[in-house]
Amino acid sequence: MTDTRARYAAYADRIEPVSPSYAAWARSIDAALVALLAEVPEQQRQPELFFAVARRLGADPSDPGALRAIGREARPALVAALASATVQANDPRRLGPVVPLFAALAARASRPLGLVDAGAAAGLCSIPDRVTVDHRTGPGADLVRMHTAVADPSIRLVVDVTGDTPAPANSPISIGARVALDPNPIDLAADGAFDRLVEAVPPEALDRTALMRQAARATLAVPPVRLVGTLPGDLDRALDALPDDVEPVVLTTGTLVYVPGADRQRFVDRVRERGVHWIALERTGILRGVAATLPDDVDAADPDAFATASLDGVAVAVSDPFGVRVRWLRDPNL
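Cut-off values and rules
Residues numbered from 1 in each chain as written. Predicted model: local features only at pLDDT ≥ 70, side-chain atom pairs only at ≥ 80, totals over all residues. Heavy atoms only, no water. Helix = DSSP H or I, 4+ residues; strand = E, 2+ residues; numbered from the N terminus. Polar contact = N/O pair within 3.5 Å; in protein donor to acceptor, adjacent residues only side chain to side chain. Contact = heavy atoms within 4.5 Å. 1 Å grid on protein atoms, 1.4 Å probe; cavity = no way out; pocket = protein on both sides within 12 Å on 5 of 7 lines; lining within 4 Å. Points joined across faces, edges and corners; volume = space filled by probe spheres on them. Nonpolar A, V, L, I, M, F, W, Y, C, P; charged D, E, K, R; others polar. Phe/Tyr/Trp six-rings, centres within 6.5 Å; stacked < 30°, edge-to-face > 60°. Buried < 20%, exposed > 50% of the residue type's maximum accessible area, 1.4 Å probe, protein only. Pairing = 2+ DSSP bridges. Right-handed = clockwise from strand over helix to strand, strands pointing away. Salt bridge = Lys/Arg side-chain N within 4 Å of Asp/Glu carboxyl O. Core = buried A, V, L, I, M, F, W, Y, C linked by side-chain atoms within 4.5 Å. Axes fitted to C-alpha atoms, helices over the stretch in contact; angles between N-to-C directions.

A few words on the side chain of Thr-219. Relative to the helices and strands, Thr-219 is located in helix α9 (residues 206-221). Of the polar contacts made by the side chain of Thr-219, one reaches the backbone oxygen of Gly-123; its length is 3.4 Å. Not counting the four nearest positions on each side in its chain, Thr-219 is found in contact with Ala-122, Gly-123, Leu-124, Ile-127, Leu-188 and Pro-224.

The following block contains the structure:
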């Protein structure tokens, strides 16, 4: 019980600046809701997943007591829906720390990259080539263009950076094929698909929703091949769906927290066995091998080290949960 309450209390502190309503919901977790969450697998207890399911069932996030109320009034339906939910925020801001890693790989590759976005949801993070990234090195500092999108529609991200910041990309990222692997991939061309996608987004985050809409337009311009599947069991099928003339790269952004620990390690092992590249932005500490490559001064409890960006299992940066403040630990181009 203490772990669940502590988890939601930490989430409340982290989310409050952008969503007071979600912070209030997180702080409303009582013994009954802790017991409810204990009925679903650990990876299904993520706050934003829980809140998205509650909203789908009619809970109003503007009412701080609505979460407790739906827990009392619709407990069986809430447990059943949460146990099978695959809602993901699919936040394209996570591409901020990721695009430089794709640029580093693209600069070394002799052929276009072939992207497998594992846990893709709607594929909003399957478009690193369609992202213009500007780095800001300090208050009042001029922006430094790190990467320019290959074409429109595209999105632009401004990332606050410190540390061993990568040099600007010499050429755009070239992606020759995209595969989106997800237990329930979202077809953005379907009616109501975008509305379903943003149900996991805090209601106050209007700028985030607008950015997601722009990313949706970019994704529709270069739609991935959508495969229904999970990790690690369907990784091989996704990789085998790529054509032979691309350099395979697996991407995970906030995906592996939903994969049980033993399967998580099996996924890591299989990536290595296949000999393919792997770019990740995952919660700091959940990947033992990646965590072992972090400097001693990285504190997983620090909100600005919430996530670790890694390339082929080596940590290269840490960031806040949204990828907008990044501390670079090493240059991925080296």
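There is more to say, and it comes next.
A few words now on empty space enclosed by the protein. The final tally for this structure, using the stated rule, is two cavities of 30 Å³ or more. Approximately 50 Å³ is the volume attributed to the second largest cavity. As for the second largest cavity, its lining consists of Glu-282, Arg-283, Thr-284, Gly-285, Leu-287, Val-290, Ala-291, Leu-294 and Thr-308. For the lining of the second largest cavity, the secondary-structure elements that each account for two or more residues are β8 (277-283) and α12 (288-291). By residue class, the composition of the lining of the second largest cavity is four nonpolar, three polar and two charged.

Taken as a whole and assessed by the stated rule, the structure comprises eight aromatic pairs. Aromatic side chains Tyr-8 and Phe-50 sit 6.4 Å apart centroid to centroid with 80° between the ring planes, which places their arrangement in the edge-to-face category. With Tyr-8 in helix α1 (residues 2-15) and Phe-50 in helix α4 (residues 47-56), this pair connects stretches of sequence that are 42 residues apart. An identical accessibility class is assigned to Tyr-8 and Phe-50; each is buried. With a centroid separation of 4.9 Å and an interplanar angle of 70°, the aromatic rings of Tyr-22 and Phe-51 are classed as edge-to-face. Linking Tyr-22 in helix α2 (residues 20-27) with Phe-51 in helix α4, this pair joins segments that are 29 residues apart in sequence. In terms of burial, Tyr-22 and Phe-51 fall into one category: buried.

Before going further, it helps to spend a moment on the pairing of strand β7 (residues 247-253). For β7, the tally of buried residues reaches five of seven residues, placing the bulk of the element in the interior. Bridging between strand β1 (residues 113-118) and β7 involves five bridges; their strand directions are parallel. Bridge pairing in β7 places Asp-117 opposite Leu-251. Bridge count for β7 against β8 is five bridges, and the pairing is parallel. Within β8, the residue paired with Val-250 across the bridge is Trp-278. In this fold, the crossover linking β7 to β8 by way of helix α11 (residues 261-274) has right-handed handedness.

Evaluation of the coordinates by the stated rule reveals 23 salt bridges. A salt bridge links Asp-134 to Arg-145; the shortest N-O distance between them is 2.3 Å. Here Arg-145 lies in strand β3 (residues 143-147) and Asp-134 lies in strand β2 (residues 131-136), a separation of eleven residues in the sequence. Judged by its relative accessible area of 3%, Asp-134 is buried.

Time to look at the nonpolar core. Among the nonpolar cores identified, the biggest contains 48 residues, and Leu-95, Phe-102, Leu-124, Leu-197 and Ile-279 are the most heavily contacted of them. A per-element tally of this core places helix α7 (residues 95-108) first, with seven residues. When residues no more than four places from it in sequence are discounted, the contact partners of Leu-124 are Asn-90, Pro-92, Leu-95, Leu-188, Leu-197, Met-212, Ala-215, Ala-216 and Thr-219. Grouped together as the second largest cluster of nonpolar side chains are 31 residues, Val-116, Val-276, Ala-280 and Leu-329 included.

In space, the eleven strands of this open sheet follow the order β3-β2-β4-β11-β10-β9-β8-β7-β1-β5-β6, with mixed pairing throughout. The sheet is open, and its two borders are formed by β3 and β6 (225-228), each paired with just one other strand. Averaged over neighbouring strand pairs, the angle between their axes works out to 25° when direction is ignored. Set on the sheet, α7 makes contact with β1, β2, β3, β4 (155-163), β7, β8, β9 (307-311), β10 (314-319) and β11 (325-328); between it and β8 the angle comes to about 165°.

Residues Asp-152 and Pro-153 are joined by a peptide bond in cis, for which omega reads 0°. Residues Leu-231 and Pro-232 are joined by a peptide bond in cis, for which omega reads 0°. In this fold, Pro-232 is placed in the loop between β6 and α10 (235-240). Positive phi outside glycine occurs at Ala-121, with the angle close to 55°. Ala-121 sits in the buried class, given a relative accessible area of 4%. Of note in this structure, Asp-312 is not a glycine but carries a positive phi near 55°. Residue Asp-312 is classed as partly exposed on the basis of its relative accessible area of 35%.

Here the focus is the environment of Ser-21. Its place among the elements puts Ser-21 in helix α2. Its relative accessible area of 11% is what places Ser-21 among the buried residues. Setting aside chain neighbours within four positions, we find Ser-21 in contact with Pro-61, Pro-203 and Glu-204. Reaching out from Ser-21, the side chain makes a polar contact with the side chain of Glu-204 at a distance of 2.8 Å.

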